[in-house]
Amino acid sequence: WDCVMVALRLRLCQAWVLVLLAFTAFSWESPRLFLLPQAVPLVGDGKEDAELGLPPQQRCDWPKAGEPMVIAFLVLVHNARNANASLALVHRLLTTDPGVDHLVVIHVDAKIRKRWVPLLRRQFKSYPNVHVISTRYGSWGQYSLVLIELDLLAYAMNIPSCSRANPAKSCCWSYAEMLSGDSYPLFPTWHIRQQLQAHWPTNYLNYDQSGAVRLPEKELSRLRQHNSWPGYKYFNHSGLVWGSQWVCITRQFAQYLLRNETRTILGLFRRVFVSDESAIQSMCAHVGPAVCNSTSATGLRIHIQSWVDDFGSWKVLYLNTTNYDPIMFQSGALFARKLDDPALRRLIDARKPPFPQF
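## Side note on the confidence of the model for the protein
Low-confidence regions, as indicated by low pLDDT, have predicted coordinates that should not be scrutinised in detail. A residue-level look at the protein finds 73% of positions with pLDDT of 70 or above and a mean pLDDT of 78. pLDDT under 50 marks residues 210-232. Its contacts with residues more than four places away, or in other chains, come to 35 contacts.

Written out as structure tokens, the structure reads:
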């Protein structure tokens, strides 16, 4: 009997070791589970630094006279409901700005990739400017979501072309807009483009210093002993700001985030809960307006969403024709979430100009 118990304990220990190894593998930053349509690097290769050093007028995202701005819409699909809703989202993004080939990159969470990656690729196979990737598992409130955002930015930065009419033309987008699969544009894409183009190069990150979270004191104490740590100047005496994950950032700031030094600093956010609502926002707040100008005199916002008290736990409400607030069209927001109701989508699609200017 003692031998049997020892054997059972060993089996149990082996099972726990396998679980821990699996968790570590899916939480680490090394490339894995890449499901890419082509060989596109997901790490900085020096190009970011080179372009950051150019005069503004020589940068590819500098608005050219008579040329419309190109936007990279980066869509995070977490589950099947998200994936199904993203079909309508991407269709509206692609069809409501004629003559402009915006880039769309969809990240499908690895837990649903087997079904949804091939399905989405078939759905948009006639659009060379739509890419579907699956790089990792995402967990709510975990650093894995930050890594997915960086994967999307890096992939979008290395797309050679997103023009259907002129494949030789480089894909030079000016804004990267993070969206959920259940986001939906409140306006046609041409109006969204005009609003962003009017206020370029403002970064739209709504963050709050008063609601800051901090790195654990133990972590800060350890880092103070290593003055060569690249992020020492950023977070030595200041907390981390808090804001929405659904940001709209310039190409310049995206390039800054993909630098190897910046990614090292972002690695600290592994210790921060809900780091997807703090990492990019904190980097913008601390790097300053020279790279991330996040102030705007306009009322323009990226997302509007409604919260509901679900037995003491606040959750984002799924909008439909009976619970949505018409004021959202005047709120300054360009997108609403969570929205996957076909009737409400038809109501939004039926709206005609003139649209409000923010």
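## Comments concerning the nonpolar core
Within the largest apolar cluster, 47 residues are counted, with the highest numbers of intra-cluster contacts made by Ile 106, Leu 186, Leu 196, Met 328, Leu 334 and Phe 335. When residues of this core are assigned to their parent elements, the largest contribution, five residues, is made by helix α3 (residues 80-95). With near-sequence residues (within four places) excluded, Leu 196 lies in contact with Met 69, Ile 71, Tyr 175, Glu 177, Tyr 204, Cys 248, Leu 300 and Leu 334. Grouped together as the second largest cluster of nonpolar side chains are 45 residues, Leu 147, Tyr 256, Ile 265 and Met 283 included.

## Description of helix α6 (residues 189-198)
One full turn of an α-helix is made of 3.6 residues, so residues set three or four places apart face in the same direction. Within α6 the residues assigned to the buried category are Thr 189, His 191, Ile 192, Arg 193, Gln 195 and Leu 196. If you follow the buried residues of α6, they end up packed against β1 (71-77), α3, β4 (175-180), β5 (184-185), β8 (248-250) and β12 (333-336).

## A closer look at the sheet that holds β4
The five strands are arranged β3-β2-β1-β4-β8 in an open sheet whose pairing can be described as mixed. With one partner strand each, in any of the chains shown, β3 (130-133) and β8 form the two edges of the open sheet. Strand-to-strand twist in this sheet, taken as the mean axis angle between neighbours without regard to direction, amounts to 20 degrees. Across three bridges, the pairing between β4 and β8 is antiparallel. Its bridge partner being in β8, Ala 176 is matched across the sheet by Ile 249. Sitting on the sheet, helix α4 (residues 113-123) touches β2 (103-108) and β3, and the angle it makes with β2 is about 160 degrees. Its contacts with the sheet place α6 against β1, β4 and β8, and it is angled at close to 115 degrees to β1.

## Focus on the packing of aromatic side chains
The geometry of an aromatic ring pair is captured by the separation of the ring centres together with the interplanar angle, meaning the angle of the planes. Scanning all chains against the criterion turns up five aromatic pairs. Between the aromatic rings of Phe 73 and Phe 335, the centroid separation amounts to 6.5 Å while the plane-to-plane angle is 65 degrees, which identifies the pairing as edge-to-face. With a gap of 262 residues between them, Phe 73 in strand β1 and Phe 335 in strand β12 connect regions that are remote in the sequence. Given a relative accessible area of 0%, Phe 73 falls into the buried group. Residue classification places Phe 335 among the buried residues on the basis of a relative accessible area of 0%. Arranged with centres 5.5 Å apart and planes meeting at 70 degrees, the rings of Phe 187 and Phe 355 form a pair that is edge-to-face. Taken together, the residues Phe 187 in the loop between β5 and α6 and Phe 355 in the segment after α12 (342-349) connect sequence positions 168 residues apart.

## A look at the pattern of salt bridges
This structure, assessed with the given rule, holds six salt bridges. For Arg 337, the salt bridge identified is with Asp 182, shortest N-O distance 3.7 Å. Separated by 155 residues along the polypeptide, Arg 337 in the loop between β12 and α12 and Asp 182 in the loop between β4 and β5 bring together distant segments of the chain.

## A look at the pairing of β2
Most of β2 sits out of view: six of its six residues are buried. Relative to β2, β1 runs parallel, the two being bridged by six bridges. Paired with Phe 73 across the bridge in β2 is Val 104. With α3 bridging β1 and the parallel β2, this β-α-β connection has right-handed handedness.

## Digging into the sheet that holds β12
Here we have three strands laid out as an open sheet, ordered β5-β12-β9, and mixed in their pairing. Edge strands, defined here as strands with exactly one partner in the open sheet, are β5 and β9 (301-304). As paired elements, β5 and β12 share two bridges and run antiparallel to each other. Paired with Tyr 184 across the two strands is Ala 336, which belongs to β12.

## Concerning the packing of helix α5 (residues 144-157) against helix α9 (residues 251-258)
At a closest axis distance of 10 Å, the pairing of α5 and α9 adopts a crossing angle of 115 degrees. Handedness of the α5/α9 crossing: left-handed. Where α5 approaches α9, its residues Leu 150, Leu 153, Ala 154 and Met 157 are matched on the opposing element by Arg 251, Ala 254, Gln 255, Leu 257 and Leu 258. In terms of residue class, the contact of α5 with α9 is built from seven nonpolar, one polar and one charged.

## Observations concerning unusual backbone geometry
When glycine is set aside, most residues are seen to have a negative phi, and most peptide bonds are trans. The omega angle of the peptide bond from Arg 337 to Lys 338 is 0 degrees, so this bond is cis rather than trans. You can see Lys 338 is positioned in the loop between β12 and α12. The step from Pro 353 to Pro 354 runs through a cis peptide bond, and the omega angle for that step is 10 degrees. Note on placement: Pro 354 falls in the segment after α12.

## Some points on the state of the cysteines
Scanning all chains against the criterion turns up two disulfides. Covalently, Cys 162 is tied to Cys 171 through a disulfide, its sulfur atoms 2.3 Å apart. Around the S-S axis, the bridge from Cys 162 to Cys 171 shows a dihedral of about 95 degrees and counts as right-handed. By relative accessible area, Cys 162 is classed as buried at 4%.

Here is what the cut-offs are and how they apply
Residues numbered from 1 in each chain as written. Predicted model: local features only at pLDDT ≥ 70, side-chain atom pairs only at ≥ 80, totals over all residues. Heavy atoms only, no water. pLDDT = per-residue confidence, 0-100. Contact = heavy atoms within 4.5 Å. Core = buried A, V, L, I, M, F, W, Y, C linked by side-chain atoms within 4.5 Å. Buried < 20%, exposed > 50% of the residue type's maximum accessible area, 1.4 Å probe, protein only. Helix = DSSP H or I, 4+ residues; strand = E, 2+ residues; numbered from the N terminus. Pairing = 2+ DSSP bridges. Axes fitted to C-alpha atoms, helices over the stretch in contact; angles between N-to-C directions. Phe/Tyr/Trp six-rings, centres within 6.5 Å; stacked < 30°, edge-to-face > 60°. Salt bridge = Lys/Arg side-chain N within 4 Å of Asp/Glu carboxyl O. Right-handed = clockwise from strand over helix to strand, strands pointing away. Left-handed = near helix turned anticlockwise from the far one by under 90°. Nonpolar A, V, L, I, M, F, W, Y, C, P; charged D, E, K, R; others polar. Disulfide = S-S within 2.5 Å.

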